[in-house]
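Here is how the chains run, residue by residue.
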Amino acid sequence: MTVRFRVRGLVGAGTGRRAGRRGGPGPADVAGQVCSELAVDLPDEDLGEYLYDCIDLYRMGSKPRCEEVEYLGMVQDAIDRIERDE
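Residues numbered from 1 in each chain as written. Predicted model: local features only at pLDDT ≥ 70, side-chain atom pairs only at ≥ 80, totals over all residues. Heavy atoms only, no water.

### Examining the confidence of the model for the protein
Across the protein, the average pLDDT comes to 76, with 67% of residues at or above 70. Element-level pLDDT for the protein is lowest in helix α1 (residues 27–41), with a mean of 87, against a maximum mean of 93 in helix α3 (residues 65–83). Every residue in residues 1–21 scores below 50 in pLDDT, and together they form 37 contacts with partners more than four places removed in sequence or on other chains. (pLDDT = per-residue confidence, 0-100. Helix = DSSP H or I, 4+ residues; strand = E, 2+ residues; numbered from the N terminus. Contact = heavy atoms within 4.5 Å.)

### Some thoughts on the environment of Leu 51
By secondary structure assignment, the location of Leu 51 is in helix α2 (residues 51–56). Accessibility expressed as a relative area gives 2% for Leu 51, which makes it buried. Expressed as a C-alpha distance, the spacing of Leu 51 and Cys 35, which sit 16 residues apart in the sequence, is 8.4 Å. (Buried < 20%, exposed > 50% of the residue type's maximum accessible area, 1.4 Å probe, protein only.)

So, in structure tokens, the structure goes:
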């Protein structure tokens with residue numbers, strides 16, 4: 001079973017409160033920005049298209065414990081930021 005990354009309000013991203021009249025970034029722009037920042041912070045990781053896959057497919061014990069906690073925390077923080085449209 002594969003869990004896909006879901007971004008609220010992605011349908012009709014050209015309209016809505018954030019990408020509307022004020023010209024602010026839309027949900028797709030926010031997701032792209034957050035993923036870009038995460039890729040810079042984790043240059044050696046293959047993040048893939050869906051961040052939930054990074055967590056779901058991660059094998060515990062494949063990294064040293066401190067790196068593992070940091071990696072999973074950074075990916076989860078990125079997912080949370082996208083969901084909050086930050």
